2 protein chains.
Amino acid sequence: MTAESHRPARRGLMLILSSPSGAGKTTLTRNLKSENNLDLSISVTTRTRRPSEIDGVHYRFIDRGTFDAMRQHNDLLEWAEVHGNGYGTPRKEVEASLAAGRDVLFDIDWQGTQQIVKKARADVVTIFILPPSMAELRSRLVRRAEDAPDVIAKRLANARDEIARWSQYDYVIINDDLDAAYDAIKAILTAERLKRSRAVGLGDFVDQLLAEELA
Amino acid sequence: MTAESHRPARRGLMLILSSPSGAGKTTLTRNLKSENNLDLSISVTTRTRRPSEIDGVHYRFIDRGTFDAMRQHNDLLEWAEVHGNGYGTPRKEVEASLAAGRDVLFDIDWQGTQQIVKKARADVVTIFILPPSMAELRSRLVRRAEDAPDVIAKRLANARDEIARWSQYDYVIINDDLDAAYDAIKAILTAERLKRSRAVGLGDFVDQLLAEELA
């Protein structure tokens with residue numbers, strides 16, 4: 001018998017990770033999803049797919065007309081325009097997961113985070129991942145060997161804008177060790193799943209406990 | 001370099017565990033303290049020491065006059081009368097730990113918890129530990145072989161009163177497996193230590209990060 005077997009029903013939660021690119025978020029997100037019984041929200045975007053990206057895995061790549069229609073039909077839980085490209089989170093999949101009591105993982109920026117927090121504060125947990133230093137962030141972007149020097153310079157400028165939003169988040173993790181950062185996120189997820197306010201089935205469990213007749 | 005090495009200064013927190021006796025709290029408390037860099041708050045009590053108890057470890061056993069004087073001098077962070085005996089938490093040690101940025105673990109009942117939450121909501125994390133069933137709770141009390149049958153009956157009645165307070169707690173853990181319950185408490189502690197609102201040194205860390213000049 002494990003603790004899980006007695007775990008009463010609870011509301012699903014939305015776990016949002018934000019960070020500047022190069023801070024390790026993508027690796028952390030992939031590992032988290034596969035090991036922690038999470039549904040990953042795949043964003044839509046109008047920007048061009050990079051060679052390393054897979055449609056439906058990293059993003060769903062859609063055209064501008066489709067994006068605008070989704071916005072107009074309120075099919076996006078959050079959306080933003082960044083450097084002329086549209087980014088957004090499809091609402092339907094997220095709502096289906098939550099309704100089934102499952103948790104959803106988001107890899108989105110501060111703008112999207114703000115919108116989701118405004119809509120569903122009680123069901124949202126937000127984590128910001130900081131690099132240990134800007135020098136380390138840059139060397140990770142260089143090691144990744146994916147971008148030209150001018151793109152890296154732009155990413156570093158964007159990183160400063162993103163980092164400046166750290167104080168809007170519930171938790172902040174400094175990622176100077178990927179395993180430690182992963183363990184920290186797992187602990188946050190475990191803890192948030194144990195919050196009394198999310199355990200909608202706990203009242204019934206305790207009522208049963210108190211009503212138990214001992215022979 | 002570990003995440004801890006970059007961890008900015010943070011305020012100490014008060015981690016309160018409550019549960020009916022027999023739910024495993026004492027074992028969990030001892031293990032937590034030794035492995036997680038926590039200071040344990042030792043309560044004072046006017047009740048008689050049991051043969052299995054050690055003064056200064058399980059409680060500090062004091063006489064009624066000393067207890068009343070502590071109360072009158074505001075030396076107790078919380079106190080309660082239970083079955084004619086006084087119980088309380090000495091304030092000085094707790095405040096010294098918190099001021100040093102250390103966390104303090106409390107093993108107290110719902111009355112004490114309420115008092116501490118009222119005084120310091122932002123610095124308190126409360127966990128309630130439930131038994132998986134009343135039958136299991138009773139069999140643990142019987143296995144412990146410490147109490148006479150009438151004392152066990154009284155403990156079970158008290159357990160129902162304590163359990164009825166579950167909904168005042170931040171987190172609820174159903175302890176049907178001691179290792180799983182221990183891991184759950186550790187995860188809560190890890191998560192709460194990562195809360196942005198406690199990381200008083202994080203603003204300075206980010207300022208330094210943003211000011212960093214890249215060669």
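No experiment lies behind these values; they were computed from the predicted model shown. Think of each chain on its own: its residues are numbered from 1, step by step along the sequence as written. Chains carry letters from A onward and ligands carry numbers from 1 onward, assigned in written order. For a predicted model such as this one, the threshold for reporting local features is a pLDDT of at least 70, and the threshold for listing and counting side-chain atom pairs is 80 or more; totals across whole chains, interfaces and linings nevertheless cover every residue.

Asker: Help me understand the sheet that holds strand E9 (residues 171–174) of chain B in this model?
Answerer: For sheets, the rule is that strands pair by backbone hydrogen bonds, running either parallel or antiparallel. Residues and elements named next belong to chain B. If DSSP finds at least two bridges between two strands, the strands pair. Numbering of helices and strands runs from the N terminus, with a helix taken as a DSSP run of H or I at least four residues long and a strand as a DSSP run of E at least two residues long. The five strands lie next to each other as E2-E7-E1-E8-E9, forming an open sheet whose pairing is parallel. Pairing within the sheet leaves two strands with one partner each, and these edge strands are strand E2 (38–40) and E9. Averaged over all adjacent pairs, the angle separating strand axes in this sheet is 25°, with direction ignored. Judged from the four bridges that link them, strand E1 (residues 14–18) and strand E7 (residues 103–107) form a sheet pairing that is parallel. If you follow Ile16 over to E7, its bridge partner there is Phe106. Contact definition: two residues whose C-beta atoms, as placed from backbone geometry, lie within 7 Å. Working convention: axes come from line fits to C-alpha atoms, limited for helices to the stretch in contact. Angles between N-to-C directions cover 0 to 180 degrees. Lying on the sheet, helix H2 (residues 25–35) is in contact with E1, E2, E7 and strand E8 (124–130); it crosses E7 at an angle near 165°.

Asker: Even after reading the chapter, I still don't get the confidence of the model for chain A, so can you show me in this structure?
Answerer: Reading predicted coordinates in detail is not appropriate for stretches of low pLDDT. Residues and elements named next belong to chain A. Residue-level confidence of the predictor is summarised by pLDDT, bounded by 0 at the bottom and 100 at the top. Put simply, chain A has an average pLDDT of 91, and 97% of its residues get 70 or more. Across residues 1–5, confidence stays below pLDDT 50; counting only partners more than four residues off in sequence or on other chains, it has ten contacts. Scored as a complex, the prediction yields pTM 0.91 and ipTM 0.89.

Asker: Would you mind showing me how to read the relation of the copies chain A and chain B here?
Answerer: Between the two copies of the chain lies a relationship made up of a rotation around an axis and a movement along it. The copies were overlaid with a least-squares fit restricted to C-alpha atoms from residues scoring a pLDDT of at least 70 in each copy. Once chain A is rotated about the relating axis by 180° and shifted along it by 0.0 Å, it coincides with chain B to within an RMSD of 0.0 Å. The transformation just described matches what one would write down for a two-fold rotation axis. Residue Ala187(A), judged by its C-alpha, is the member of chain A lying nearest the rotation axis, at 2.2 Å. Here 100% of the interface residues in chain A have copies in chain B that are interface residues too; the copies meet face to matching face.

Asker: Whenever I open this one, the interface of chain A and chain B confuses me. Can you help?
Answerer: As a measure of interface size, the accessible area lost when the parts come together is often cited. With 41 residues of chain A at the interface, the matching set in chain B holds 41 residues. Breaking the side of chain A that touches chain B down by element, the ones donating at least two residues are helix H1 (3–6), helix H6 (134–144), helix H7 (149–163), strand E9 (171–174), helix H8 (178–193) and helix H9 (202–211) of chain A. It is H8(A) that contributes the most residues to the side of chain A that touches chain B, seven residues altogether.

Asker: What should I look at first to understand the environment of Glu192(A) in this one?
Answerer: All names here are of chain A. Of note, Glu192 is situated in helix H8. Judged by local crowding, Glu192 falls into the buried class, with 20 C-beta atoms found within 10 Å. Taking the C-alpha atoms as reference points, Glu192 and Val117, 75 residues apart in sequence, are found 15 Å from one another. When sequence neighbours within four positions are dropped, the list of residues in contact with Glu192 reads Leu13 and Val125. To sort residues by burial, count the other C-beta atoms lying within 10 Å of each one's C-beta; a count of 20 or more means buried, 12 or fewer means exposed, and anything in between means partly exposed. C-beta atoms are built from the backbone.

Asker: Would you mind showing me how to read H9(A) here?
Answerer: For the α-helix, the turn length of 3.6 residues means that residues three or four positions removed from each other point alike. The set of residues buried in H9(A) consists of Leu202(A), Val206(A) and Leu209(A). In a view along the axis of H9(A), the buried residues occupy a sector of 55°, so they form one face of it. With respect to the buried face of H9(A), the exposed residues turned more than 90 degrees away are Asp204(A), Asp207(A), Gln208(A) and Ala211(A). The secondary structure elements touched by the buried residues of H9(A) are E8, helix H6 (134–144), helix H7 (149–163) and E9 of chain B. Working note: the arc is built from the helix axis to C-beta atom directions.

Asker: Looking at this structure, how should I read the sheet that holds strand E3 (residues 44–45) of chain B?
Answerer: Residue and element names in this part refer to chain B. Spatial ordering of the open sheet is given by E4-E3-E6-E5, a layout of four strands whose pairing is mixed. Every interior strand has two partners, whereas the edge strands, strand E4 (60–61) and strand E5 (76–82), have only one. Pairing analysis gives two bridges linking E3 to E4, with the strands arranged parallel. From the neighbouring strand, Val44 faces E4, where its bridge partner is Arg60. Relative to the sheet, helix H3 (residues 64–72) contacts E3, E5 and strand E6 (85–90), its axis offset from that of E6 by approximately 50°. Its contacts with the sheet place helix H4 (residues 91–99) against E5 and E6, and it is angled at close to 25° to E6.

Asker: Would you mind going over the nonpolar core with me for this structure?
Answerer: Side chains of nonpolar character tend, in soluble globular proteins, to be buried together. In this usage, the nonpolar core is the set of buried Ala, Val, Leu, Ile, Met, Phe, Trp, Tyr and Cys residues whose C-beta atoms join them within 7 Å. Among the nonpolar cores identified, the biggest contains 90 residues, and Ile173(A), Ile188(A), Ile127(B), Ile173(B) and Ile188(B) are the most heavily contacted of them. Excluding residues that lie within four positions of it along the chain, Ile173(A) makes contacts with Ile127(A), Ile129(A), Leu130(A), Ala181(A), Ala184(A), Ile185(A) and Leu194(B).

Asker: Explanation requested: the packing of H2(B) against helix H8 (residues 178–193) of chain B in the structure shown.
Answerer: Helices that pack against each other are described as a pair by the angle of their axes relative to one another and the distance between those axes. All names here are of chain B. Axis separation between H2 and H8 bottoms out at 10 Å; the angle between their running directions is 50°. In terms of orientation, H2 and H8 fall into the oblique class. Relative to H8, H2 is oriented so that their crossing is right-handed. Residues Thr27, Leu28, Asn31 and Leu32 of H2 form the contact with H8, whose participating residues are Leu178, Ala181, Tyr182 and Ile185. Orientation is classified from the angle alone, with under 35 degrees giving roughly parallel, over 145 giving roughly antiparallel, 65 to 115 giving roughly perpendicular, and any other angle giving oblique. Crossing handedness is defined as follows: a turn of the near helix away from the far one that is anticlockwise and smaller than a right angle gives a left-handed crossing, while the clockwise case is right-handed.

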